[in-house]
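Inside the fold
Each chain, written out:
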Amino acid sequence: MALNSSAFFVPCHNYNQICDLLLSSARTRSTSKGLQLHGYIVKSGLSLIPLVANNLINFYSKSQLPFDSRRAFEDSPQKSATTWSSIISCFAQNELPWMSLEFLRKMMAGNLRPDDHVLPSATKSCGILSRCDIGRSVHCLSKKTGYDADVFVGSSLVDMYAKCGDIVNARNVFDEMPLRNVVTWSGMMYGYAQMGENEEALWLFKEALFENLAVNDYSFSTVLCVCANSTLLELGRQIQGLCVKSSFDSSSFVGSSLVSLYSKCGVLEGAYKVFDEVPLKNLGIWNAMLKACAQHSHTQEVIELFKRMKLSGIKPNFITFLNLLNACSHAGLVEEGRYYFDLMKKSRIEPTDKHYASLVDMLGRAGKLEEALEVITTMPIDPTESVWGALLTSCTIHKNTELAAFAADKVFELGPVSSGMHISLSNAYAADGRFEDAAKARKLLRDRGEKKETGLSWVEERNKVHTFAAGERRHERSNEIYEKLAELGEEMEKAGYVADTSFVLREVDRDEKNQTIRYHSERLAIAFGLITFPADRPIRVMKNLRVCGDCHNAIKFMSMCTGRVIIVRDNNRFHRFEDGKCSCNDYW
DNA sequence: TTAGGGTTAG
């Protein structure tokens, strides 16, 4: 008998066929057909057959109805290891990790030994919960039962340790496995990427290729993410070539990593091209593209993209709204930002501290300091360092020293703060005439043995990254770089550039303060680009800290005097300088 | 194949 849809309504006594139908209902997401089948199964007494009962559990699990799955489990007449395995995996896959572990306990209390199907699900649950301690017990259990040599069990353990941030144990399991596959390797790469150990992740990828492992979309999206985070554009492009060759470039996961790679490396056109070419776009790739446009001040495109995204039936999540809010805040679009914030709440997405920080940043930068403060005092969750920090930054921009000092007090009340924040705190107190507090803020930083992050800028040339710090002369082409800057400096002055040295006294960190403002790291990196790259190639510079106001002005003159496009990424967005103008419209 | 492990966007 053919398994067509009419078969659902025809009485059928072949339980193997019923099982097939349940499975196909789950696969095609035809929940209603599955429910009809369940009714028929109960009526005809087929639910007493263990195989049918197990299939029901699996059907509900795949249909994302874990509690119906549980009911089917309870109704099941004979609970074999397979039955337990089905329900434990159901909870692990349907966001009920605790229940999954509870059922593992129940299974063992009934003197049933967990097998090679149960252990990976239980391990996965520990990973979801970030509970390394429970994970270790499951690991021990795997060893005791001898299943630790199984490639599924081992891979799930690698992933669990990686998710818990225990990279040492992840690597130990990885090294001890007698047999590894692409899942094991991808999991290990992901672990390194999570910990920011980018070089290790890249090494592992290289080793995998060397071992002729058939890498896939999972491996590609992870390794491309590493390239994006290290702004390794050329390597990323080479890996993209491998994706194209193996047809994994059509995956939306690989696509979102590629969009992020191009965006983070300053090549917005590249991000657009990847985005347009991915046939089926998931939420991740829409968010990646929204973020790319927001970072590059393509605000109108952000708004248009969001409309297109909704038209294509994709539901926005909290990341989508964070991107929208950041885009509005970067461009000073207060009304639009407010609209998206309300829309988010209407969509029943709870704003996080990051959303509030973005809202405060948007209002504060636009000079609406009182409103920004009101947002903080009325928000339903506790304001974090980033929220008060956004107000503090805005107060500094608008020279409201009193409110800045108040915000600084609030940040201090929260306890230990990040190292970058100390300088802002100290500056805020100093500006308000509270010099003792200013000294205290700096002293706290010193006492904790922390140093402010050194300002660094870097440029990628072929497969090499050239890094510069303010005023240093360690680069092999330093003489030419400084000559270029001197020569360009004269041209810039003729064009009307006047150095604003007030930035040396304010907001610039100590390491850079000792250097003359002319030799901030980004200027060295740009000069290197000028003497190295062909005239038609944009100069892309990455910086770990914010660009100072004088450099921002100077780079505008640089772009005008040289006729070059200069793209600078500071710690959170891009500035594209062309013909003496910047894409941020001086609002940053 | 009645049941198991891994990825993107922040």
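This one's a predicted model, so the numbers in the text were calculated from it and none came from an experiment.

1. Some remarks on the overall build of chain A
- Broken down by element type, chain A carries 31 helices and 6 strands.
- Counting only C-alpha atoms and orienting by the principal axes, one finds that chain A spans roughly 90 × 55 × 50 Å.
- Per-residue burial for chain A yields a buried fraction of 50% across its 588 residues.
- Sequence-distant contacts, at least 24 apart, represent 63% of the contacts inside chain A between residues at least 6 apart.
- Within chain A, one finds 69 positive and 70 negative side-chain charges whose respective centroids are separated by 3 Å.

2. Observations concerning the UniProt feature "repeat: PPR" (unreviewed entry) in chain A
- According to UniProt, the feature "repeat: PPR" (unreviewed entry) maps to residues 80-114, 181-215, 282-316 and 317-351 in the numbering used here.
- Here residues 80-114 runs as 74% helix and 0% strand, with 11 Å between its end C-alpha atoms.
- Helix makes up 77% of residues 317-351 and strand makes up 0%, while its end C-alpha atoms are separated by 10 Å.

3. What to know about the pairing of strand 5 (residues 574-578)
- Looking at chain direction, strand 4 (residues 566-569) and strand 5 are connected through 4 bridges and run antiparallel. Bridge pairing links V568 to H575 in strand 5.
- Taken together, the 2 bridges between strand 5 and strand 6 (residues 581-582) define a ladder with antiparallel strand orientation. When the bridges of strand 6 are listed, E578 appears paired with K581.
- If you look at the hairpin formed by strand 5 and strand 6, you'll find 2 residues sitting between the two strands, and D579 has a positive phi there, around 50 degrees.

4. Looking at the packing of aromatic side chains
- With the rule as written, the count across this model stands at 18 aromatic pairs.
- Look at F306 and Y340: their rings are 5.7 Å apart centre to centre, the planes differ by 90 degrees, and that puts the pair in the edge-to-face class. Of this pair, F306 sits in helix 18 (residues 299-311) while Y340 sits in helix 20 (residues 334-346), and the two are 34 residues apart along the sequence.
- The ring of Y482 carries the charged tip of R473 above its face, separated from the ring centre by 3.9 Å.

5. Brief notes about the protein's contact with DNA strand B
- Taken together, 52 residues form the shell around DNA strand B, and within it D116, S155, N181, S221 and S256 come nearest.
- Each atom of DNA strand B within 4 Å of the protein was assigned to sugar, phosphate or base; sugar and phosphate come to 42%.
- In this structure, K124 approaches DNA strand B through a side-chain N or O atom, which is 3.4 Å from a phosphate oxygen.
- In the environment of DNA strand B, a base nitrogen lies 3.0 Å from a nitrogen or oxygen atom belonging to the side chain of N216.
- At 6 residues, the largest contribution of residues to the surface near DNA strand B is made by helix 9 (residues 151-163).
- Within the surface near DNA strand B, the residues separate by chemical class into 16 nonpolar, 25 polar and 11 charged.

6. Quick look at helix 17 (residues 283-295)
- Its 13 residues place the ends of helix 17 18 Å apart at the C-alpha level, agreeing with the 18 Å of an ideal helix rising 1.5 Å per residue.
- Most of helix 17 sits inside the fold, with 10 of its 13 residues counted as buried.
- Along helix 17, the residues classified as buried are I285, W286, N287, A288, M289, L290, A292, C293, A294 and Q295.
- Tucked into the core, helix 17 has its buried residues touching helix 15 (252-264), helix 16 (268-277), helix 18, helix 19 (318-331) and strand 5.
- Backbone geometry just downstream of helix 17 places S297 in the positive-phi region, at approximately 60 degrees.

7. Some words on the packing of helix 8 (residues 132-145) against helix 9
- Contact pair helix 8 / helix 9: the axes reach a minimum separation of 11 Å and the direction vectors enclose 160 degrees. Taken together, the axes of helix 8 and helix 9 lie roughly antiparallel to each other. Considering only the axes of helix 8 and helix 9, their crossing is left-handed. Residues C132, G135, R136, H139 and S142 of helix 8 form the contact with helix 9, whose participating residues are V153, L157, M160 and Y161.
- Looking at the contact of helix 8 with helix 9, its residues break down into 5 nonpolar, 3 polar and 1 charged.

8. Examining the pattern of salt bridges
- What the rule picks out here adds up to 25 salt bridges.
- Residue E487 is joined to K484 by a salt bridge in which the shortest nitrogen-to-oxygen separation is 3.5 Å. Here K484 and E487 lie together in helix 27 (residues 478-494), a separation of 3 residues that amounts to about one turn.
- Between K543 and E522 there is a salt bridge; the shortest N-O distance is 3.2 Å. One end of the pair, K543, is in strand 3 (residues 539-543); the other, E522, is in helix 30 (residues 521-532), and 21 residues separate them in sequence.
- Residue classification places E522 among the buried residues on the basis of a relative accessible area of 0%.
- Connected via shared salt-bridge partners are D409, R434, D437 and K440.

9. Topic: the sheet that holds strand 2 (residues 464-469)
- Taken in spatial order, the 6 strands of this open sheet run 2-1-3-4-5-6, and their pairing is mixed. In this open sheet, the two strands that pair with only one neighbour each are strand 2 and strand 6.

10. A word on unusual backbone geometry
- Although it is not a glycine, Q64 sits at a positive phi angle of roughly 60 degrees.
- For Q64, the position within the fold is in the loop between helix 3 (50-62) and helix 4 (66-75).
- Taking relative accessible area as the criterion, Q64 reaches 53% and is therefore assigned exposed.
- Here E95, not a glycine, exhibits a phi torsion of approximately 55 degrees, which is positive.
- In this structure, E95 sits in the loop between helix 5 (81-93) and helix 6 (97-109).

11. Some thoughts on the packing of helix 5 against helix 7 (residues 118-129)
- Remark: helix 5 packs on helix 7, axes separated minimally by 9 Å, with the N-to-C direction vectors making an angle of 20 degrees. The angle between helix 5 and helix 7 falls in the class roughly parallel. In this structure, the crossing between helix 5 and helix 7 has a hand that is left-handed. Together, A81, S85, I88, S89, A92 and Q93 of helix 5 and V118, S121, A122, K124, S125 and I128 of helix 7 make up the contact between the two elements.
- Split by residue class, the contact of helix 5 with helix 7 holds 6 nonpolar, 5 polar and 1 charged.

Basis of the calculations
Residues numbered from 1 in each chain as written. Chains lettered and ligands numbered in written order. Predicted model: local features only at pLDDT ≥ 70, side-chain atom pairs only at ≥ 80, totals over all residues. Heavy atoms only, no water. Helix = DSSP H or I, 4+ residues; strand = E, 2+ residues; numbered from the N terminus. Buried < 20%, exposed > 50% of the residue type's maximum accessible area, 1.4 Å probe, protein only. Contact = heavy atoms within 4.5 Å. Lys, Arg positive; Asp, Glu negative; His and termini not counted. Charge placed at Lys NZ, Arg CZ, Asp CG, Glu CD. UniProt positions renumbered as here; feature names shortened; annotations may be inferred. Pairing = 2+ DSSP bridges. Phe/Tyr/Trp six-rings, centres within 6.5 Å; stacked < 30°, edge-to-face > 60°. Lys NZ or Arg CZ within 6 Å of the ring centre and 35° of its normal. Near = heavy atom within 4 Å. Polar contact = N/O pair within 3.5 Å; in protein donor to acceptor, adjacent residues only side chain to side chain. Nonpolar A, V, L, I, M, F, W, Y, C, P; charged D, E, K, R; others polar. Expected span 1.5 Å × (residues − 1). Axes fitted to C-alpha atoms, helices over the stretch in contact; angles between N-to-C directions. Parallel < 35°, antiparallel > 145°, perpendicular 65-115°, else oblique. Left-handed = near helix turned anticlockwise from the far one by under 90°. Salt bridge = Lys/Arg side-chain N within 4 Å of Asp/Glu carboxyl O.

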